[in-house]
Amino acid sequence: NEIYFAPCYVGIKTNRKIIIKNLSPIRIKVNIKIDNMKNGLLEVDEDNFEMELNSIKNVEFGLTPNKNEEISAHILITAERIFDPSNENIGIYNPENINDQKNKSSFDKRIFSREINVLGRGSDGELSIMPDRLDFDTVKVGFHKKLSFSIYNPTITNFYIKLVQS
C-alpha cells in the first residue's frame, strides 16, 4: 500500500506506475484523488476513467519535489459500478413493463476504496572532488605524467558523471 520514489533532485520529475485490475464481470468507474501533499507536486496521468470487465490499466504518477525534505502524500482510489441495464436485467422476467428506473434504484451503489501512501525525498545533491586542482607542471615531449582525482558523493542522490575533454 505504498509507492516509494527514490530520492531525486528538487524540481526534477520522477515517474512510477501502478497497475489497477478489474477482475470482476462488471464495468467500473475509477476515481483517483491525491490528498495531503507536502513538499512536492504529485501528478497522475488519468484520474477519472472507466474500466471494462476483466481489464488491466497502468496508471502513471509523477513526483516533483519542491524542497530538500521528506515528501509524503495519500492517494485515494475509489471504484464503483456503472449501471448497465442490459447486465442488470439478466434473470428478471417482467412481461408487462421493465422499469429501468426501478432497477436503477435497487442497483448496487457500494463504493470500494483503497488508500496508498506516497513516500519520497527531494535532494539537492552534493559532490566533492579531491584534489580540487590537477597541476601537471611541465611535461617533456615523449614523456607522460599521470595524476588522479576522486569524486565523493556524501548524499543519497544518484549522479551521472560524464568527463569531457576540452
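Nothing here was measured: the structure is a model prediction, and the numbers come from that model.

Peer 1: Pulling in residues and values, what's your account of the overall build of the protein?
Peer 2: Looking only at helices and strands, one finds 2 helices and 11 strands in the protein. Split into buried and exposed, the 166 residues of the protein put 25% on the buried side. Taking contacts inside the protein between residues at least 6 apart in sequence as the whole, the part at least 24 apart equals 71%.

Peer 1: Report on unusual backbone geometry, specifying residues and quantitative values.
Peer 2: Cis peptide bonds are those with omega within 30 degrees of zero, and the linkage from Met130 to Pro131 qualifies with -10°. Backbone geometry places Asn54, a non-glycine residue, at a positive phi of 50°. Here Asn54 lies in the loop between strand 6 (48-51) and strand 7 (55-65).

Peer 1: Quick rundown of the pattern of salt bridges? Include the residues and the values.
Peer 2: In the structure shown here, the tally under the stated rule is 5 salt bridges. Here Arg27 and Glu52 are joined by a salt bridge, their closest N and O atoms 3.4 Å apart. Taken together, the positions of Arg27 in the loop between strand 3 (14-22) and strand 4 (28-38) and Glu52 in the loop between strand 6 and strand 7 put the pair 25 residues apart, joining distant regions of the chain. The exposure class of Arg27 is partly exposed, given its relative accessible area of 25%.

Peer 1: Explain the sheet that holds strand 5 (residues 40-44) to me, and be specific about the residues and the numbers.
Peer 2: Within the open sheet, the 3 strands sit side by side as 3-7-5. Their pairing is antiparallel. A strand with exactly one partner marks an edge of an open sheet, and here the two such strands are strand 3 and strand 5. Adjacent strand axes in the sheet meet at a mean angle of 20°, parallel and antiparallel pairs treated alike. As judged from the 5 bridges shared by strand 5 and strand 7, these two strands associate in the antiparallel manner. What sits directly across from Leu41, in strand 7, is Thr64.

Peer 1: If you had to explain the pairing of strand 9 (residues 111-123) to someone new, which residues and values would you point to?
Peer 2: Here 3 bridges tie strand 1 (residues 2-4) to strand 9, and the two strands are oriented parallel to one another. Paired with Ile3 across the bridge in strand 9 is Val118. Of the pairings in the sheet, the one linking strand 2 (residues 8-9) to strand 9 comprises 2 bridges and is parallel in character. Among the inter-strand pairings, Tyr9 is bridged to a residue of strand 9, identified as Ser123. Strand direction decides the pairing type here: strand 8 (residues 70-81) and strand 9, joined by 11 bridges, are antiparallel.

Peer 1: Please set out the confidence of the model for the protein residue by residue, giving values where relevant.
Peer 2: Residue-level pLDDT values for the protein average 82, and 84% of them are 70 or greater. Mean pLDDT across the elements of the protein bottoms out in helix 2 (residues 100-105) (54) and peaks in strand 6 (94).

Peer 1: Can you tell me about a nonpolar patch on the surface, naming the residues and giving the values?
Peer 2: A contiguous nonpolar patch, built from Leu127, Ile129, Leu134, Phe136, Val139, Phe143, Leu147, Phe149, Ile151, Phe159, Ile161 and Leu163 and spanning about 1,000 Å² of accessible area, is present on the exposed surface. Tracing the backbone through its elements, the reader meets Leu163 in the segment after strand 11 (150-152).

Peer 1: Explain the packing of aromatic side chains to me, using residue names and the numbers behind them.
Peer 2: What the rule picks out here adds up to 0 aromatic pairs. Looking at Lys57, its charged tip hangs above the ring of Phe49, at a distance of 5.1 Å from the centre.

Peer 1: Residue-level account of the side chain of Thr78, with values.
Peer 2: Its location among the elements puts Thr78 in strand 8. On the accessibility criterion, Thr78 (17% relative accessible area) is buried. The residues touching Thr78, leaving out its near neighbours within four places in the chain, are Lys29, Val30, Asn31, Ile111, Phe112 and Ser113.

Calculation notes
Residues numbered from 1 in each chain as written. Predicted model: local features only at pLDDT ≥ 70, side-chain atom pairs only at ≥ 80, totals over all residues. Heavy atoms only, no water. Helix = DSSP H or I, 4+ residues; strand = E, 2+ residues; numbered from the N terminus. Buried < 20%, exposed > 50% of the residue type's maximum accessible area, 1.4 Å probe, protein only. Contact = heavy atoms within 4.5 Å. Salt bridge = Lys/Arg side-chain N within 4 Å of Asp/Glu carboxyl O. Pairing = 2+ DSSP bridges. Axes fitted to C-alpha atoms, helices over the stretch in contact; angles between N-to-C directions. pLDDT = per-residue confidence, 0-100. Patch = residues over 30% accessible without salt bridge, like charges linked within 9 Å, V, L, I, M, F, W, Y side chains within 5 Å. Areas by Shrake-Rupley, 256 points an atom, 1.4 Å probe, with all protein chains shown as cover. Phe/Tyr/Trp six-rings, centres within 6.5 Å; stacked < 30°, edge-to-face > 60°. Lys NZ or Arg CZ within 6 Å of the ring centre and 35° of its normal.

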